[in-house]
Every structure is written in structure tokens, then in C-alpha cells.
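Below, each chain spelled out in residue letters.
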Amino acid sequence: MLVNLISGDTPRSAVLTVLLLIVLVCLAGAPFLFPGVRSLETAATICIFILLVASYDLLLGYTGIVSFAHTMFFGLGAYGVALASIHIGRGWGALIVGSLSGAVAAAALALIIGLFSLRVRAIFFAMITLAVASAVAVLVSQLFNITGGEDGLTYLIPRELTPAFRMGELFGVRVNGRVLNYYLIFVACLALFLLLLRIVNSPFGRVLQAIRENDFRAEAIGYRVVWYRTAATCLSAAIAALAGALYAIWLRYVGPDTTLSFEIMLDILLMVVIGGMGTMYGAVLGAVIFVLAQNYLQNLMGVAAEATEALPILPLFLDPNRWLLWLGLLFILSVYFFPTGIVGRLRSGR
Amino acid sequence: MSQTLLETDGLTVRFGGHVAVDAVSCAFRAGELTAIVGPNGAGKTTYFNLISGQIAASAGRVRLMGEDVTRLSVAERCRRGLGRAFQLTNLFPDLSVLENVRLVIQARHRKGFNLLSMASGHAEITTAAMAVLERVRLSDRRDHKVSELSHGNQRKLEVAMLIALDPMVYMFDEPTAGMSVDEAPVVLDLIAELKHDSDRTILLVEHKMDVIRTLADRIIVLHNGALAADGAPAEVMASDVVQEAYMGKALEDV
């Protein structure tokens, strides 16, 4: 039953199993284990990024396609929810319509990009996605009467999902709509992650891996490689859009910086590489480590800087403003020591 | 006379000014094993590439079971019954031996777009894949990564991939190249078995004359891309044109 749920794709490493269980328990109990607005914010971001990174891994790690348009699909889902909530009006219907139309639009756009460019060399696809993603980002900031431009959009979501909706206390924690909203996101992300895990372990997933390994031979045993690559691109885009929709439901705001920026695209790439490409579980560890570092490294450094105040030079390096320096260092070290990512390293033993 | 499964009609390819395969017309019948011989650079592998679709023809036609497939992609030709093993081993290196063969059987069963079932749950595919591995004596290596296999075992797997495909036309491109003396017979026995059991047609590019003598029903000789001789093995080997034109010494050695 449990093995079936994870599609027979067991972690294959004791340490990895323990780490994944810790993450699962922490996320499942986040509102009660780590009460507080900020920690809940971090937990929701982790859930959404796990899904987003996993959907990117389907493309990069499993199929061997490099795309720079993943945040564009993420953004399509987010703007879908925002626009639906504004034009249909506050309600559950708007959330569903917005999420689904975002996902459909993302898949359709991916289909067009895929059919045009996946026939040719893989590098061509990467360039096209970069161009389209940049064009969409410019379009979103220019069409301000629709998208709110650089300011983005704010909108109302169902009251049951907002802090104003009170439900009493549980384990000494005040349960409100925000907690309900968190669980909506947690359950949706978990379900979609399990779906992705199933897809990569399905006959379809095996073909994707075969294409990654040797597309020439995959074609020679009768697989129409272009169709498979295009299908993987569409699926990955649709799931990224759903992750974006969930992010929009959580933030109650969308803007170019939170969903479309190229910085997020780089973050996704880093998370996949740190966690381990082509493993799915790598997305979990990559996203957890990265989002935690993004949110708490500055605090940690603040503490360290104070502690070393008396020493020369050192506090300068530990200044909270230098956090990106340390994140970069962390990344270089992880790629150097774990070229197959954390999961690859754990699975290879020792 | 049995049915023609594969036919090339004036098949030609030019690379710039160089004619690599020059108007080769040839029909291959069911139940027949044809050896394709010729010196290095005679265009044997290029002829194979034209038939299986890796290279587009400059002129001429390829017909598979009467149907013109000249403009079809590699995958389409394969789905219509054309199978090929490669001269340089061409596998999925990071996947297991079993997974390599399973992928072929899965392609044959048209299960590739099945997204929601578990690949390992398709017992009929696994069973069929294991049966093929049994035949090439690789079943004890089923869980090894292909990249960890010895060269000889990779060659065997290459042959296994083609057998798993169960095509109407088998194309072997030097299947025993680089194999040790003890390993080669496994592959050659398999090809003999295939020939004996099936109503398929087998094309075999091979340099070893003893292999050709025991296996082939027919030999075609390519020379500078053109068809130089075509006939029964004894006849072709004895013919003056072949002896003198290019095979001379190689044949005297046998």
C-alpha cells in the first residue's frame, strides 16, 4: 500500500528515508510544531517549491531537456488565480477556474514551444524558452491594466482561507483560516508530488529516461521521441502552473517579482542540482535546504556577527548583508562534493 | 518463391560529391539470411542507415512489405517491423540490463504513453524481457547497470534488444565485433536459431568468412557503394569478379 503510494520508488538509503520522514512530519505538523506567522510562511513556501522543483526535475533530470521558462508556467498559474478571483469574484469557483485555466494555458503554450523547437537540437529549445519567458515577463509588466504591471495584483480569496476565519484552539495553537489554507496547500502539493513520482516510474517515465540516456536508440526501438519530449514539457508546465496557483492562493498577491523573475528560475535550477537531478526526492531536499537558507541564513549570520564582534574582519564576513556570498559558497561546495546531488550521494553509499 | 519483405530500389546517397551508396537495388525474402560483405568504406553501414532511416536517401526507394517507407522516420519504420542492432554498442548506459530490454518490449506493446501505472507492475513485459535475457545468457546480470557490463556482454545485450523487438526484418551490423572467442558462438547460435525458426528476413554485415559460410543463404557484395555481386555463397565466393576486384586474398585465406 505505502510502497504503491510512492510508486515503488523507495528512497534506497537509510539516511535519505530518515531525512524525508523528518521533512514530511515537519511539514504535516508545521502549524502546531512551529507556531508563528513567519514559520508557517516558510513551510508553505517549502511545500510549493518542492512541487515546482519536482516538476522541473521531470524535464531536466528525467528527460534531459533544459528549459528556462519554468517560472513563466509558474506565473501563468498564479496570474490565473489572481485574474479569476478579480473578475469572477471572491470564491472557491474562482480558485478552481483560475488554477485549471492557468494549467491548461501553460500546457498549451508548452505544446506550441515544444512542437516548434523540440524537433531540432536540445540547445535550441533552451534558447526559445529563454526568449519566450523574457517576452512574457515584459508583456506582464507592460499590460498593467490587465496584470497590474510591476505592482502586481491583490485580490480576495474565500474567507475560510484567511486569518479572519477563526476555528478555536487545538494543542494550544489558535486555528484560523490561515492554517486551513496551509493544509490545502500541503495536501495539494503532496498529492501532486505523488502523482509526479508515479509518472516517472510509469512506462512513460521509463521512456523519458531512455530518451535522456540515448535518444537515437529510443527512436530506433520505435519511440517517437519528439512526442514524448513534448508530452513531458506539457505535463511539467501544467504542474508548475498548479504550483503557481497554490502560491497565489497562499500569498493573496501576484507580481512579476514573486512568480516570473529570472531569479526564481535560477533558484529552481540550484534546488534541482543541490538535491540531485533525476531523483524526485532530490527536489524535496533541495527545496527544503534552499528555502530555509533563504529565510534563516540572514538571522543566523546576524547572531554570528554579534558573537564575533570583538574579533577583527570576521564580523564583516558574517554581516547579514553578505548572506548571498555564503549561499553561493554553499552552492559551489555542494556541487563540488556532491556532483550527483545530495540524493545521488546518499544512494551511492557512505 | 517466398514473399519479399524488404526491397531497395536504386537506393542512393551522396555526401557532397561522394557517392556513398550507389543505386543499390536488392530484394530480401522471408526465411532468408543475406550476408552483406565488402571492404571497409564500401558503404555497408551506410546502406543499413538508409534502410533503417538514420540517413535520408538522395534517390531511390525503400519498401518494407510492399509499402514505401523512404520518407518515414526511424521510429515509424521500426513500428512497421524493421529492427536493427548497431555496430557500435548503442544502449541506455545508466539503466539496468533488464530495463533496457523491457523498454523494447514495452515499445512493441505500445505502452509508452501509459502514465499512471507502475512500470514494474507490467508482469508480462518483465517476463518477456527475462525470456530474451535468458536466450543471450544475461539473466544473471539483469540488475547491473549497462555501463558496468563488459564489452562482450554489452554486445550480447545489443543483440538481445533486437531479438526483443521481434521484427520482420532483422539487421545485424557486425554482431560479434570485438567479442571473445568463447562469447561469439552464443550470438552466432542465436542468429542461426532465428534463421531456422522464423519466416523473417535477416541481413548481416560480417567480415568473418567462416561465419558467413555457415550462416548465409546468399551474399551480396558492395564495392565503392555499388552492388558488385549477388548470389549463393559458393557462387559469389568463387566468382572471378569478386576474387579479383577486391576479395582475392581474404578468400584464399579461408
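The structure reproduced in this document is the subject of the present report. Residue numbering note: each chain is counted from 1, following its sequence as written. Written order determines the labels here, with chains lettered from A and ligands numbered from 1. Reporting of local features is limited, given that this is a predicted model, to residues whose pLDDT is at least 70; pairs of side-chain atoms are given and counted only at 80 or more, and all residues count toward the totals for whole chains, interfaces and linings. Only heavy atoms go into the side-chain values, all of them from the structure, while hydrogens and water stay out.

This next bit is on the overall build of chain A. When helices and strands are counted, chain A shows 17 helices and four strands. Each of the 350 residues in chain A was classed as buried or not, and the buried ones make up 53%. Residue contacts are counted whenever heavy atoms from the two residues lie within 4.5 Å of one another. Here the contacts in chain A between residues at least 6 apart in sequence split such that 75% fall between residues at least 24 apart. The accessible surface values rely on the Shrake-Rupley method and a 1.4 Å probe; as for residues, cover is taken only from the protein chains in view. Entry remark: accessible area of chain A is about 15,800 Å², with carbon and sulfur atoms responsible for 71%. Each charge class in chain A can be summarised by its mean position, and for the 20 positive and 16 negative side chains these summaries are 11 Å apart. Secondary structure counts use DSSP, requiring at least four H or I residues in a row for a helix and at least two E residues in a row for a strand, with both numbered from the N terminus. Residue burial is assigned from relative accessible area. The probe radius is 1.4 Å, only protein chains are included, and a residue is buried under 20% of its type maximum, exposed over 50%, and partly exposed in between. When charges are counted, Lys and Arg are positive and Asp and Glu negative, with His and the chain ends excluded. Just so you know, the charge point we use is NZ for Lys, CZ for Arg, CG for Asp and CD for Glu.

Moving on to the packing of helix 6 (residues 92–117) of chain A against helix 11 (residues 225–251) of chain A. Residue and element names in this part refer to chain A. In this analysis an axis means a line fitted to C-alpha atoms, helices contributing only their contacting stretch, and an angle means the value between N-to-C directions, from 0 to 180 degrees. Following both chains from N to C, one finds helix 6 and helix 11 inclined at 150 degrees, their axes separated by 8 Å at the closest point. Viewed along their axes, helix 6 and helix 11 adopt a mutual orientation that is roughly antiparallel. Judged by the twist between their axes, the crossing of helix 6 over helix 11 is right-handed. Each of Leu95, Ser99, Gly102, Ala103, Ala106, Ala107, Ala110, Leu111, Gly114 and Leu115 in helix 6 lies in contact with helix 11, whose residues at this interface are Thr230, Thr233, Cys234, Ala237, Ala238, Ala241, Leu242, Ala245 and Ile249. Each angle is binned into one of four classes, with values under 35 degrees roughly parallel, values over 145 roughly antiparallel, values of 65 to 115 roughly perpendicular, and all other values oblique. Less than a right angle of anticlockwise turn of the near helix away from the far helix marks a crossing as left-handed, whereas a clockwise turn marks it as right-handed.

Right, let's talk about the environment of Gly36 of chain A for a bit. By the secondary structure assignment, Gly36 of chain A is in the loop between helix 3 (30–33) and helix 4 (37–63). Measuring from C-alpha to C-alpha, the distance between Gly36 of chain A and Val173 of chain A comes to 9.3 Å, with 137 residues separating the pair along the chain.

Let us now look at a nonpolar patch on the surface. Residues and elements named next belong to chain A. Patch building starts from residues that exceed 30% relative accessible area and form no salt bridge, then joins like charges within 9 Å and nonpolar side chains (Val, Leu, Ile, Met, Phe, Trp, Tyr) within 5 Å. We define a salt bridge as a side-chain nitrogen of Lys or Arg found within 4 Å of a carboxyl oxygen belonging to Asp or Glu. A cluster of nonpolar residues, Ile313, Leu316, Phe317, Leu325, Trp326, Leu329, Leu333, Tyr336, Phe337 and Phe338, forms a patch on the protein surface that exposes about 1,000 Å² of accessible area. Within the residue set of the nonpolar patch, elements represented by two or more residues are helix 15 (314–318) and helix 16 (323–337). A per-element tally of the nonpolar patch places helix 16 first, with six residues. Position of Phe338 among the secondary structure elements: in the loop between helix 16 and helix 17 (341–347).

With that settled, consider the environment of Met265 of chain A. All names here are of chain A. Relative to the helices and strands, Met265 resides in helix 13 (residues 262–275). Taking relative accessible area as the criterion, Met265 reaches 0% and is therefore assigned buried. With 74 residues separating them along the chain, Met265 and Pro339 place their C-alpha atoms 20 Å apart.

Read these as geometric descriptors, not functional statements.
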